[in-house]
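# Report on the structure
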Amino acid sequence: GKTRHFKWDVEYMFRSPDGEENLVMGINGQFPGPTIRARAGDTVHVELTNKLHTEGVVIHWHGIRQLGTPWADGTASISQCAIAPGETFLYRFKVDKAGTYFYHGHYGMQRSAGLYGSLIVEVEDGKREPFHYDGEFNLLLSDWWHKSVHEQEIGLSSLPFRWINEPETLLINGRGQYNCSLAAQYNKSAALSQCTLRGGEQWAPNVLKVLPNKTYRLRIASTTALASLNLAIGNHKMVVVEADGNYIQPFETNDIDIYSGESYSVIFTTNQNPSTNHWISIGVRGRRPQTPQALALLNYLPNSASKLPLSAPPPTPQWNDYAHSKSFTNKLKSLMGTPQPPTTHHRRIVLLNTQNRIDGYIKWAINNVSLSLPPTPYLGSIKHGLKAAFDQSPPPESFANGYNIMVPPVNPNTTTGNGVYEIEFNTTVDVILQNANALAANTSEIHPWHLHGHDFWVLGYGEGRFEEGDEKMFNLKNPPLRNTAVIFPYGWTALRFVADNPGVWAFHCHIEPHLHMGMGVVFAEGVHLVGDVPSEALACGLTGKRLASTGGR
Ligand SMILES: O=C1O[C@H]([C@@H](O)CO)C(O)=C1O
């Protein structure tokens, strides 16, 4: 493979993602950041300079497993020290598997500030995808708040608690429209007025130019801070072919659900009325929406892009129609030829997800521990045996038998912790993610869980509490291989992975404020097998002191 070189400056910029000017975190003057395109087998070199004046920064390459390069995973406190203002860090890693990926900040809530972009890995030269298409488009989805990320962060850790609330705008490739709708005229009772745009604005919609009777691949990834989304193309069906960089047994659908941290490829054919354009719509699911749909235009050439489609944008399914979401999720099966899971596991970790309180502050906790990351990155502290760097008692393997997941926690008080699940190298681990009632009665939320350093097999979903014997429902034949999987309200999700990648890996809810409130755990495997970690990754905390005393070795 080739080596692809990039030199990036991360900085704040003035930008109008939705028509209102705000501070946005961008790269080389771009928002979203530049798209990386590479081929499977290539090595990506990103020389990242932190041009923020007073904040550290890191970038995580979401979905890239970092086989042999755990120090390049871009997770502050886990794989490296945050890059200090003015300093440069070299991310060097191999992209081994074709697919639709993205990258984003992984320090504090910098992803919410706009630090993200696309990473597309094409198949190796001479190889072909298991489906045909004439052209492709890429849509990176996000949500946007007018309140600064600093204010959001402080609100989450204040008394009284200040929730970030629902986003002002949904963005497609960093573009959305606030306070006006591109499609107001279809809905006479609409509260929003028709947008007036000239086309050159930073918030002008995406226009996908297509020819009639062709087949297109649409790559879709969601880096939302909060919103679960649903995407539909007016009058067109889609065939799902890829999820999180793994091929899916193709199936047809009118709309797709996409949770934060997930990516998909769908194929569609431009076989509809060629004398008109069509809408692509994105709307909120899983939380009572207060954010209008985001729209892009499917522009059938030679129609003008200013010609409005004949019909209104496709509606988003009801936010709480979980049957719809589950039906979509259950259709995802791996394409034949995808690696199958081992038939047995060595260890099962059951993770109860609850919303809790610590001294009145609202937190999320996993088996009653709310994650609070240490100042020394685990990769260095574990490799060098620096036991003072984090809690040495292992976090709980499960939760109390008598816990009733259907009601708010009887004793909501929890504690913070930063212990690690130490996993024996090359063993097979099952994780049962167990959802529960949050602090408010009759409330259980969706949480998309993302694993670093691995793909996992999604063995199954179930309602209520996971019981001994439920493993009989596991799909061991063609479970989808993914890096992100959702837990539905009051339900469980079962995952299996092989701990074959030496390193320290975050596993967490991909909702940015939830991770910030403690909703994650840390896995460590085969750290003794990790080779030299670049000293720039460890120049902080106790590993920084160690470097000073060993002369940098
Ligand atoms: O973490 C969250 O906090 C709020 C709410 O539970 C408390 O205001 C909310 O909707 C979340 O997802």
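Residues numbered from 1 in each chain as written. Predicted model: local features only at pLDDT ≥ 70, side-chain atom pairs only at ≥ 80, totals over all residues. Heavy atoms only, no water.

As named in an unreviewed UniProt entry, the protein is L-ascorbate oxidase, taken from Linum tenue. As stated in UniProt under Catalytic activity (unreviewed entry), the record for the protein gives "4 L-ascorbate + O2 = 4 monodehydro-L-ascorbate radical + 2 H2O". Word for word, the UniProt comment on the protein under Cofactor (unreviewed entry) is "Cu cation". (UniProt positions renumbered as here; feature names shortened; annotations may be inferred.)

Let's shift gears to the overall build of the protein. Helix and strand counts for the protein stand at 5 helices and 34 strands. Whereas a compact globule of 553 residues would reach a radius of gyration of roughly 24 Å, the protein reaches 23 Å, a difference of no more than 12%. Along the first, second and third principal axes, the C-alpha set of the protein runs to 70 × 55 × 50 Å. Taking all 553 residues of the protein together, 60% fall into the buried category. For the protein, contacts bridging at least 24 residues in sequence account for 78% of all contacts bridging at least 6. By element, 50% of the accessible surface of the protein is carried by carbon and sulfur atoms, the whole surface being about 21700 Å². (Helix = DSSP H or I, 4+ residues; strand = E, 2+ residues; numbered from the N terminus. Rg over C-alpha atoms; globule rule 2.2 N^0.38 Å. Buried < 20%, exposed > 50% of the residue type's maximum accessible area, 1.4 Å probe, protein only. Contact = heavy atoms within 4.5 Å. Areas by Shrake-Rupley, 256 points an atom, 1.4 Å probe, with all protein chains shown as cover.)

Quick look at a nonpolar patch on the surface now. A contiguous nonpolar patch, built from Met 406, Val 407 and Val 410 and spanning about 300 Å² of accessible area, is present on the exposed surface. Along the chain, the position of Met 406 falls in the loop between helix H3 (378-383) and strand S25 (415-417). (Patch = residues over 30% accessible without salt bridge, like charges linked within 9 Å, V, L, I, M, F, W, Y side chains within 5 Å. Salt bridge = Lys/Arg side-chain N within 4 Å of Asp/Glu carboxyl O.)

Bringing helix H5 (residues 541-550) into the picture now. Residues spaced three or four apart along an α-helix point in a common direction, a consequence of the helix completing one turn every 3.6 residues. Of the positions making up H5, those classed as buried are Thr 543, Gly 544 and Leu 547. The buried residues of H5 occupy an angular sector of 105° when the element is viewed end-on, so they sit on one face. With respect to the buried face of H5, the exposed residues turned more than 90 degrees away are Lys 545, Ala 548 and Ser 549. Close packing links the buried residues of H5 with H3. Among the residues trailing H5, Gly 551 stands out with phi positive, at a value near 70°. (Arc of directions from axis to C-beta.)

Further remarks concern unusual backbone geometry. Cis peptide bonds are those with omega within 30 degrees of zero, and the linkage from Leu 159 to Pro 160 qualifies with -10°. Look at Asn 426: it is not a glycine, yet its phi comes out positive at around 70°. Considering the arrangement of structural elements, one finds Asn 426 in the loop between strand S26 (421-423) and strand S27 (428-434). Even without glycine at this site, Tyr 490 takes up a positive phi of about 55°. Residue placement: Tyr 490 occurs in the loop between strand S31 (484-487) and strand S32 (491-498).

A few words on the state of the cysteines. Throughout the structure, instances matching the rule amount to 2 disulfides. Shown here is the disulfide that connects Cys 81 with Cys 540, its sulfur atoms set 2.1 Å apart. The disulfide joining Cys 81 to Cys 540 has a torsion of about -85° about its S-S bond and is therefore left-handed. With Cys 81 in the loop between strand S5 (59-62) and strand S6 (88-95) and Cys 540 in the loop between strand S34 (520-525) and H5, the pair connects residues that are 459 residues apart, well separated along the chain. Here Cys 180 connects covalently by a disulfide to Cys 195, the sulfurs 2.1 Å from one another. In this structure, the disulfide formed by Cys 180 and Cys 195 twists by about 95° around the S-S bond and is classed as right-handed. Of this pair, Cys 180 sits in strand S11 (residues 180-181) while Cys 195 sits in the loop between strand S12 (193-194) and strand S13 (207-210), and the two are 15 residues apart along the sequence. The exposure class assigned to Cys 180 is buried, which follows from its relative accessible area of 15%. By sequence order of its bonded cysteines, the protein has the disulfide arrangement 1-4, 2-3. (Disulfide = S-S within 2.5 Å.)

Right, let's talk about the sheet that holds strand S33 (residues 503-509) for a bit. With respect to topology, 5 strands assemble into an open sheet ordered S26-S34-S33-S28-S31, the strand pairing being mixed. Both outer strands of the open sheet, S26 and S31, are each paired with one neighbouring strand and no more. Put simply, the sheet's adjacent strands are angled 20° from each other on average, direction ignored. (Pairing = 2+ DSSP bridges. Axes fitted to C-alpha atoms, helices over the stretch in contact; angles between N-to-C directions.)

Attention now moves to the site of the ligand. Neighbouring the ligand are Phe 161, Trp 163, Arg 287, Gln 355, Trp 364, Glu 445, His 514 and Met 517. The contact in question runs from an oxygen atom of the ligand to an N or O atom on the side chain of Arg 287, over 2.6 Å. Side-chain polar atom of Gln 355 to an oxygen atom of the ligand: 2.9 Å apart, as the coordinates give it. (Near = heavy atom within 4 Å. Polar contact = N/O pair within 3.5 Å; in protein donor to acceptor, adjacent residues only side chain to side chain.)

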